[in-house]
Amino acid sequence: MSARPRILCISFSEFVADARVLRQLDVLAQYGDVVTVGYGPSPERASAHLEIPVEQASLPQTPAGVMRLILRRFRAVELTAPAVRTARELIGNRDFDLVVANEARALPLAFAVANGAPVWGDMHEWAPGERTHVLSWRLLVAPFMRNVCRVYLRKCGAVSTVNRSIADLYEREFGVTTAVVRNALALQDLVPCGVKEDRIRLVHSGAAVPGRNIETLIDAALLAGERFTLDLYLVPARDGGRYLRELRARSRGSERITFHAAVDPSALPATLNAYDVGVFSLPPRTINHRYMLPNKFFDFVQARVAIVFGTSFETDRLITDHSLGLIARDFHAETLAEVLRGLNAESVRRFKASVHAAAQLLSSEQDEAAQRSIIEGLLSSTGEAR
């Protein structure tokens, strides 16, 4: 019997905390032995893991690297970031039948080590707009990302992203057919929990990172009135917990605001299932914010809770089409509080029932099918499909 295909999966993230990449690994491991390269410990599905030291940056930050970005010498800087150099050394002379690059910053490395193997570029979101609300990123890194996309995307055997709006951007800007692989979870065997007549339990999960607008959720819950509680399951940022401390102070010691440690992604739906309404509000500071379809949307769906989000094109469409909840017209705490006050036990039960009805359609089934189609097509091109 011939050996299983050899697959390299590159992600400049901490694999065990990156839900999208973990779901990707689940599918990749069905087709071959997967070597992962990235930060943090080995993910469960990897046959081998090449760990990059967490302190090594994946983008050029040395004076020489920054000067090359300023001078638009992009090809000279593609493989010089510390994490990229370490990853290339760790990969060495290994041969692969398929290379998966997660996000644009991994594309130059993917092609440097592919040795003719097909490359799947999973862009996640819109690479040139990742952090354009930060001036230095907008002036230096965004042009680099755009150049990486222009040079490498047409060389990829397959390209994917999180939703159709962003797929259309890649197709218009770079002329590449782009598949949609959402951040949806597998269908969970859950049902909506009961709703109390005099209490609506709000919940939010995610990273406690400045710019995520979590302070607005706290303010809105306090403004909405005594009927509302807010539970927060937050991953601390790499700032020593400073932003998390600011959020705790903002809650003013209210017994209606509760902070919890983050839970494992696999346990999140069952944890959130005890609540009534998942809340999120993120101002559109970037294109990715404007067209967001975040993990937490699908977390809330599989948890069978109603959804209240600030307005965003992709989530607005799904919330409206499936009657999943309510949409705040802007991103102010007062507006969100007004929307929340419009909820009652009956409407929450109705929205939860709609979420439950849509849970299978909004699960990962179609995304896994899209991934399998990509993988089988690329492996068959190397004669390795099983």
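Before reading on, note that the structure itself is shown above.
What counts as what
- Within each chain, residue numbers correspond to sequence positions counted from 1 in written order.
- For this predicted model, a pLDDT threshold of at least 70 governs which residues receive local features, and a threshold of 80 or more governs which side-chain atom pairs are given and counted, while totals over whole chains, interfaces and linings are taken from all residues.
- Excluded from the side-chain calculation are hydrogens and water; included are all heavy atoms of the structure.
- Two strands pair if DSSP finds at least two bridges between them.
- Segments assigned H or I by DSSP are reported as helices when at least four residues long, segments assigned E as strands when at least two residues long, and all are numbered from the N terminus.
- Axis geometry follows a simple rule: fit a line to the C-alpha atoms, using only the stretch in contact for helices, then measure angles between N-to-C directions, giving values from 0 to 180 degrees.
- Throughout, a contact is declared for two residues whenever any of their heavy atoms are within 4.5 Å.
- The definitions used throughout rest on a 1 Å grid laid over the protein atoms alone, on which a cavity is an enclosed set of points accommodating a 1.4 Å probe that cannot get out and a pocket is an open set flanked by protein within 12 Å on both sides along at least five of seven lines; lining residues are those having an atom within 4 Å of a point.
- Grid points are joined across faces, edges and corners, and a volume is the space filled by probe spheres set on the points.
- Just so you know the grouping, Ala, Val, Leu, Ile, Met, Phe, Trp, Tyr, Cys and Pro go in nonpolar, Asp, Glu, Lys and Arg go in charged, and all remaining residues, Gly too, go in polar.

1. Considerations on the sheet that holds strand β11 (residues 277-280)
The 6 strands are arranged β10-β9-β8-β11-β12-β13 in an open sheet whose pairing can be described as parallel. The open sheet has two free edges, formed respectively by β10 (257-261) and β13 (325-328), since each of these has just one partner strand. The average undirected angle you get between the axes of adjacent strands in this sheet is 20°. The pairing of β11 with strand β12 (residues 306-310) spans 4 bridges and is classified as parallel. Within β12, the position partnered with V277 by the bridge is A306. Its contacts with the sheet place helix α14 (residues 333-341) against β8 (200-208), β9 (228-236), β11, β12 and β13, and it is angled at close to 155° to β13.

2. Quick notes on empty space enclosed by the protein
Here the idea is plain: a probe the size of a water molecule rolls over the atoms and shows the empty space left. Scanning all chains against the criterion turns up 1 cavity of 30 Å³ or more. Along its surface, the largest cavity is lined by S58, L59, P60, V77, E78, A81, V84, R105 and F144. Residues of the lining of the largest cavity, tallied by class, amount to 6 nonpolar, 1 polar and 2 charged.

3. What about the sheet that holds strand β1 (residues 6-14)?
Reading across from one edge, β3-β2-β1-β4-β5-β6-β7 is the order of the 7 strands in this open sheet, with parallel pairing throughout. In this open sheet, the two edge strands, each paired with only one partner strand, are β3 (48-52) and β7 (179-180). Strand direction decides the pairing type here: strand β2 (residues 33-39) and β3, joined by 5 bridges, are parallel. Looking at the pairing, V37 lines up with L50 of β3. Relative to β3, helix α4 (residues 82-91) is tilted by about 150°, and along the sheet it contacts β1, β2 and β3. Strand contacts of helix α16 (residues 365-381): β4 (98-102), β5 (119-122), β6 (158-161) and β7, with the helix running at about 155° to β5, the strand carrying the most contacts.

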